[in-house]
Amino acid sequence: MRRAGPALAALGAGAALCGLVLAAPTANGQVGAAASARLAPTTTLALEMDEPAGATVAADSSGFGHDAAIGSHVRMRGGYATIDRHSPDEGIYYGADHLIMVPDAADSSLDPGAGDFTVEIRYRSTVKFGNVIQKGQAKTSGGQVKFQQPKGVISCMFKSPNGQAAIGSKTPLNDGQWHVVRCERTSTQVTMYVDGVFRNRIRKNTGTIDNNKPWTIGGKLDCDTSNPNTGADSCDYFAGDIDYVHLIKG
């Protein structure tokens, strides 16, 4: 499936490795020292979900090698991943087998830190509940990032011990159509775009976010699998399709 990924994603990991700099020249045509030290935004995770049925690893095409583990109950379609959510009445409790998981990186390349950080996903769903993607949970030391869709309205939250900001799409997106949701976090605000169009913004400082948890796609990792869908300790399982996940730092 052809995708319109983020404009900055084209820079890729190679830009960072080569020390690529984006800086405007001064009036005399020279680049200032402060500007020249500013690295271009870098895609640190690019999961395109192109793996065939039966694959156990989702390849990271960013160049950073952050490959993801595919749970045994996640179905790969050769162009996207399908994640199902089950009722407790069915007696099916998947735990980690329900998720796609990217391990934490020792170099913090997968954490927002204190700087600019963007999460962009392309997904579709028909349900009104579930955590689509997250890093960390409510009580995680170092904060968390989370996308969820209460009543079909997707929201993104950036939370640190010193600040929190959450914004939503305002209207439900659980219409069974593909949607690109992009949340950009800076030191002063969080902005959401849906299908390339500005949707919402909140002006708050969210501090430094850096934890040792994996990125999980499809729900929580640390949860009560005997009560997967409701309650404080539920897994908040997502049901739907994920086309890609991109993380951009800087």
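By convention here, each chain's residues receive numbers from 1 onward along its written sequence. Totals for whole chains, interfaces and linings use every residue, but because this is a predicted model, local features are given only for residues with pLDDT of at least 70 and side-chain atom pairs only at 80 or more, for both listing and counting. For the side-chain quantities, the full set of heavy atoms in the structure was used; hydrogens and water were omitted.

### So, the overall build of the chain
Secondary structure elements follow DSSP: runs of H or I of four or more residues count as helices, runs of E of two or more count as strands, with numbering from the N terminus. On a plain count of helices and strands, the chain comes out with 2 helices and 16 strands. Contact between two residues is taken to exist if any of their heavy atoms lie within 4.5 Å; hydrogens are not considered. A separation of at least 24 residues holds for 63% of the contacts in the chain among residues at least 6 apart in sequence. Surface exposure here means Shrake-Rupley accessible area, sampled with a 1.4 Å probe, where a residue is shielded only by the protein chains that are shown. As presented, the chain carries roughly 11100 Å² of accessible surface, and 52% of it is formed by carbon and sulfur atoms.

### A short note on the pattern of salt bridges
Salt bridge criterion: a side-chain nitrogen from Lys or Arg within 4 Å of a carboxyl oxygen from Asp or Glu. Within the structure shown, the criterion is met by 9 salt bridges. With a closest N to O distance of 2.8 Å, Arg122 and Asp243 form a salt bridge. Of this pair, Arg122 sits in strand S7 (residues 117-124) while Asp243 sits in strand S16 (residues 240-249); the two residues are 121 residues apart in sequence, bridging distant segments of the chain. Several salt bridges share partner residues, and in doing so they unite Asp104, Asp111 and Lys135 into one network.

### Comments concerning the nonpolar core
Counting residues in hydrophobic clusters, the biggest one holds 42 residues, and the most contacted among them are Met49, Ile121 and Phe147. With 4 residues, the single largest contributor to this core is S7. The contacts of Ile121, once residues within four sequence positions are left out, are Val132, Ile133, Phe147, Ile154, His179, Val180, Val181, Tyr244 and Val245. Residues belong to a common nonpolar core when they are buried Ala, Val, Leu, Ile, Met, Phe, Trp, Tyr or Cys residues joined through side-chain atoms within 4.5 Å. Burial status follows relative accessibility: with a 1.4 Å probe on protein chains alone, a residue under 20% of its type maximum counts as buried, one over 50% as exposed, and anything between as partly exposed.

### Details of the environment of Asp50
Mapped onto the fold, Asp50 is located in the loop between strand S1 (42-47) and strand S2 (57-58). Placed 30 residues apart in sequence, Asp50 and Tyr80 show a C-alpha to C-alpha distance of 6.0 Å.

### Some words on the pairing of strand S11 (residues 163-168)
Strands were regarded as paired on the criterion that DSSP finds at least two bridges between them. Sheet topology note: the strand S10 (residues 155-160)/S11 ladder contains 6 bridges and is antiparallel. The residue bridging Ser160 from the neighbouring strand is Gly163, located in S11. Counting the residues between successive antiparallel strands, the hairpin from S10 to S11 contains 2 residues.

### Observations concerning the state of the cysteines
When two cysteine sulfur atoms lie within 2.5 Å, the pair is treated as a disulfide. Per the stated rule, a full pass over the model turns up 2 disulfides. Bridging Cys223 to Cys235, the disulfide has an S-S length of 2.1 Å. For the disulfide bridge between Cys223 and Cys235, the dihedral angle about the S-S bond is near 90°, and by the sign convention the bridge is right-handed. On the criterion of sequence distance, the pair formed by Cys223 in the loop between strand S15 (215-217) and S16 and Cys235 in the loop between S15 and S16 is long-range, its members being 12 residues apart. Take Cys223: its relative accessible area is 22%, and that puts it in the partly exposed class. When its relative accessible area of 0% is taken as the criterion, Cys235 is described as buried. The connectivity of the disulfides in the chain is 1-2, 3-4, where the numbers refer to bonded cysteines in sequence order.

### Thoughts on the confidence of the model for the chain
When pLDDT is averaged along the chain, the result is 85, and 78% of the positions lie at 70 or above. The score called pLDDT rates the predictor's confidence residue by residue, from a low of 0 to a high of 100. This model gives residues 4-38 a pLDDT under 50, and the stretch forms 47 contacts once residues within four places in sequence are excluded.

### A short note on empty space enclosed by the protein
Think of a ball as big as a water molecule: rolled over the atoms, this probe shows where empty space is left. A pocket here means an open set of points on a 1 Å grid, computed over the protein atoms alone, that has protein on both sides within 12 Å along at least five of seven lines. A cavity is instead a set of points where a 1.4 Å probe fits but cannot get out; residues with an atom within 4 Å of a point line either one. Grid points are joined across faces, edges and corners, and a volume is the space filled by probe spheres set on the points. Scanning the entire structure with this criterion turns up 1 cavity of 30 Å³ or more. Along the walls of the largest cavity sit Gln134, Gly136, Gln137, Lys213, Pro214, Thr216, Lys220, Leu221 and Asp222, which together make up its complete lining. Each residue gets one label: Ala, Val, Leu, Ile, Met, Phe, Trp, Tyr, Cys and Pro are nonpolar, Asp, Glu, Lys and Arg are charged, and the others, such as Gly, are polar. Looking at the lining of the largest cavity residue by residue, the class counts come to 2 nonpolar, 4 polar and 3 charged.

### Points about the pairing of S1
The buried count for S1 comes to 6 of 6 residues, which makes it a mostly enclosed element. For S1 and S16, the ladder comprises 5 bridges, and the chain directions are antiparallel. Note that in S16 the partner of Leu45 across the bridge is Leu247.

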